[in-house]
Amino acid sequence: MIPNAVLLQHIDSTKFDLIMIAEASNGGYQFGTIPFGRKLNQQAQWLSEQQWLKQYKQVRTFGVSAGSFPAIALGYLLQAEITLSIAGRFHKKKHPLINLDKVVTTLQFLRRGNCERLLISYSANNRRDKKFASFISKVTKGKEIAIEIKTEKLPHLMLRRLAERGELASYFSRTLFAKADDALFMNHRKREMLSFPLSSK
């Protein structure tokens, strides 16, 4: 959704270590990621069993588009303090069994673990992504975060557009890197809207 170099510019290396699980074949994580496994449950289980990962006191996970499923599954399995789904979506209708497998696997991890804060963000202008967010919020305790740009329609590739506008840091400050007392976490509403540019108030 955005080049890795751009993403890394927005992560404070003095506070966070980043583990990036890339899907090199551009297949939407349909066939797993080597060496983590061919299926979502294999990927999540392999990572959760690594001793070096268990040494971290706090973990945050995030995934973009098709990577949202692994991020949510890992978030629950690793007891993440924050998990962020960014423009998550199901595969197209020609892949119903893949969608079903990911839903079942994710539900299994929901029962096995816990995620303190799950944020499901999506473009307010994208119906497909909105359907995914609505489904995930119903089966979890997650909060839907609709993202809009006041002067234009925000596409599925919303991180790229926010980066082009110089607003990616603001987006992350209210989601992945938000503090515990952020207004998004303090209220109990299931849905919120973040409009860019953000108000300075």
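Keep in mind that this is a model prediction, so the values were computed, not measured. (Residues numbered from 1 in each chain as written. Predicted model: local features only at pLDDT ≥ 70, side-chain atom pairs only at ≥ 80, totals over all residues. Heavy atoms only, no water.)

A.B. asks: Would you mind showing me how to read the pairing of strand β4 (residues 143–149) here?
C.D. replies: Each regular strand shows side chains that alternate between the opposite faces of the sheet. Burial analysis of β4 places six of its seven residues in the buried class, which makes it a mostly covered element. Where strand β3 (residues 118–123) and β4 come together, five bridges link them in parallel fashion. Bridge assignment links Leu119 to a residue of β4, and that residue is Lys143. Running through helix α6 (residues 127–139), the crossover from β3 to the neighbouring parallel element β4 is right-handed. As defined by bridge partners, β4 adjoins strand β5 (residues 191–196) across six bridges and the pair is classed as parallel. Looking across to β5, one finds that Ile147 is bridged to Leu194. (Buried < 20%, exposed > 50% of the residue type's maximum accessible area, 1.4 Å probe, protein only. Helix = DSSP H or I, 4+ residues; strand = E, 2+ residues; numbered from the N terminus. Pairing = 2+ DSSP bridges. Right-handed = clockwise from strand over helix to strand, strands pointing away.)

A.B. asks: Which parts of the structure should I look at to understand the pattern of salt bridges?
C.D. replies: Once their charged atoms are close, side chains differing in charge can pair, the charge on each being opposite to the other. One pass over the full model with this rule turns up eleven salt bridges. Between Glu144 and Arg191 there is a salt bridge whose closest N-O contact spans 3.4 Å. Of this pair, Glu144 sits in strand β4 while Arg191 is found in strand β5, placing the two residues 47 residues apart along the sequence. The exposure class assigned to Glu144 is buried, which follows from its relative accessible area of 2%. Its salt-bridge partner being Glu192, residue Arg189 comes within 3.1 Å of it at the nearest N-O pair. Residues joined in a network through salt bridges with shared partners are Glu152, Arg161, Glu164, Arg165 and Glu167. (Salt bridge = Lys/Arg side-chain N within 4 Å of Asp/Glu carboxyl O.)

A.B. asks: Looking at this structure, how should I read the packing of aromatic side chains?
C.D. replies: For any pair of aromatic rings, the description rests on two quantities: the centre-to-centre distance and the angle between the ring planes. Following the criterion strictly, the structure yields five aromatic pairs and no others. Pairing Phe69 with Phe132 gives two aromatic rings, centres 5.4 Å apart and planes at 85°, and the pair type is edge-to-face. Taken together, the residues span a long stretch of sequence, with Phe69 in helix α4 (residues 68–77) and Phe132 in helix α6 at a distance of 63 residues. Side by side, Phe69 and Phe132 carry an identical accessibility label, which is buried. With a centroid separation of 5.7 Å and an interplanar angle of 55°, the aromatic rings of Phe172 and Phe177 are classed as tilted. In this structure Phe172 comes out as buried when scored by relative accessible area, which is 1%. Every member of this aromatic cluster is reached through a ring pair, and the members are Phe16, Phe62, Tyr171, Phe172 and Phe177. (Phe/Tyr/Trp six-rings, centres within 6.5 Å; stacked < 30°, edge-to-face > 60°.)

A.B. asks: How should I be thinking about the nonpolar core in this particular structure?
C.D. replies: For soluble globular proteins, nonpolar side chains are generally found buried alongside one another. In this structure, Leu84, Ile86, Ile147, Leu168, Tyr171, Phe172 and Phe196 are the most contacted members of the largest nonpolar core, which totals 24 residues. Secondary structure elements with two or more residues in this core: β2 (82–86), β4, α7 (158–164), α8 (168–174), α9 (183–186) and β5. Leaving out residues up to four positions away in the same chain, Leu84 has contacts with Thr61, Phe62, Gly63, Leu119, Ser121, Tyr171, Phe172, Thr175 and Leu176. Within the second largest apolar cluster, 14 residues are counted, among which are Tyr76, Ala80, Leu110 and Ala133. (Core = buried A, V, L, I, M, F, W, Y, C linked by side-chain atoms within 4.5 Å. Contact = heavy atoms within 4.5 Å.)

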